[in-house]
Amino acid sequence: MASFVGTFDEFIKYINPRVKSVVNGISRAYKQEIGRCEHCDSIGATLEAAHVTGRERPVIIEEVLQDYVNGEVVTVDLEVLENRFIQAHDPISKVIKVLCRPCHVQYDNQTQSAVEQEVIQTTVEVEDTLAEQESITNAEITHMQLINSLIFRRI
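Rules of the game
- Residues numbered from 1 in each chain as written.
- Predicted model: local features only at pLDDT ≥ 70, side-chain atom pairs only at ≥ 80, totals over all residues.
- Heavy atoms only, no water.
- Helix = DSSP H or I, 4+ residues; strand = E, 2+ residues; numbered from the N terminus.
- Contact = heavy atoms within 4.5 Å.
- Areas by Shrake-Rupley, 256 points an atom, 1.4 Å probe, with all protein chains shown as cover.
- Salt bridge = Lys/Arg side-chain N within 4 Å of Asp/Glu carboxyl O.
- Buried < 20%, exposed > 50% of the residue type's maximum accessible area, 1.4 Å probe, protein only.
- Pairing = 2+ DSSP bridges.
- Core = buried A, V, L, I, M, F, W, Y, C linked by side-chain atoms within 4.5 Å.
- Disulfide = S-S within 2.5 Å.
- Axes fitted to C-alpha atoms, helices over the stretch in contact; angles between N-to-C directions.
- Parallel < 35°, antiparallel > 145°, perpendicular 65-115°, else oblique.
- Left-handed = near helix turned anticlockwise from the far one by under 90°.

Comments concerning the overall build of the chain
Helix and strand counts for the chain come out as five helices and five strands. The order of α-helices and β-strands along the chain, N terminus first, is β-α-β-α-β-β-α-β-α-α. Pairs at least 24 residues apart make up 77% of the contacts formed inside the chain by residues separated by at least 6 positions. Of the roughly 9900 Å² of accessible surface on the chain, 51% is carried by carbon and sulfur atoms.

In structure tokens form, the structure reads like this:
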């Protein structure tokens, strides 16, 4: 039984390459089944698996790891993780878009821009709230830090 013990960021650093390989494996048949780019309908291009906005690989990993986090430390059996990660991609049509490379790049760039706009809007709202308050509590600071860390992980 192989296991991982470390932080979420370390998990991404060391285990993410394996997780990418798993996504490639589970999406291979789906790409053949779809047989075309779901954006431009190209059938001659090499097709790629793109995670749907909001269901990106790090988001799914974080959801799957929730039960294995104690404070800042993740402790998980890697086989269990892989099985849960695969299950999180079912049905695959809700998680993966089949795109040609140019459409995949365009899709990712649009997603990036939307997330950046969300960060800007959240920052403005927080700054406005802080400007209205004379003081803020530690709980409010912690809450804002949590929101920012979740948003920036998606970028």
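Some words on the pattern of salt bridges
Once the charged atoms of two side chains with opposite charge are near each other, the side chains can pair. Going through the model one piece at a time under the given rule, you end up with five salt bridges. E82 serves as the salt-bridge partner of R18, at 3.0 Å between the closest nitrogen and oxygen. In this pair, R18 is assigned in helix α1 (residues 8-34) and E82 in helix α3 (residues 78-87), connecting sequence segments 64 residues apart.

Description of the pairing of strand β1 (residues 3-6)
Only one face of β1 is buried: it carries F4 and G6, and the other face, with S3 and V5, is open. Two strands pair when backbone bridges link them, and β1 and strand β4 (residues 73-77) are joined in this way by four bridges, in the antiparallel orientation. The partner of V5 across the bridge, within β4, is T75.

Description of the nonpolar core
Soluble, globular proteins show a tendency: their nonpolar side chains are buried together. Core analysis: the largest hydrophobic core is formed by 29 residues, its most contacted members being F11, I61, L65, V76, L81, F85 and I96. Of all the elements in the fold, those that place two or more residues in this core are α1, β2 (47-51), α2 (57-65), β4, α3, β5 (96-100) and α4 (101-132). Residues contacting F11, with those up to four places away along its chain left out, are F4, N16, I61, L65, V76, L78 and L81.

Some remarks on the state of the cysteines
For the structure shown, the criterion picks out zero disulfides. Lacking any disulfide linkage, C40 is separated from the closest cysteine sulfur, that of C37, by 3.7 Å. Here C40 falls in the partly exposed class, since its relative accessible area comes to 39%.

Topic: the side chain of H104
Looking at the element boundaries, H104 is found in helix α4. Residues within four places of H104 in sequence aside, it is in contact with E48, A49, A50 and L99.

A word on the packing of α1 against α2
Interaxial distance between α1 and α2 falls to 11 Å at its minimum, and their mutual angle equals 110°. Here α1 is positioned roughly perpendicular relative to α2, judged by the angle of their axes. Crossing geometry of α1 relative to α2 is assigned as right-handed. Between α1 and α2, the contacting residues are F8, F11, I12, N16, V19, K20 and V23 on the first element and R57, P58, I61, E62 and L65 on the second.

Details of the side chain of N16
Relative to the assigned elements, N16 resides in helix α1. Classification of N16 as buried rests on a relative accessible area of 13%. Every residue in contact with N16, bar those within four places of it in the chain, is listed here: F11, R57 and I61.

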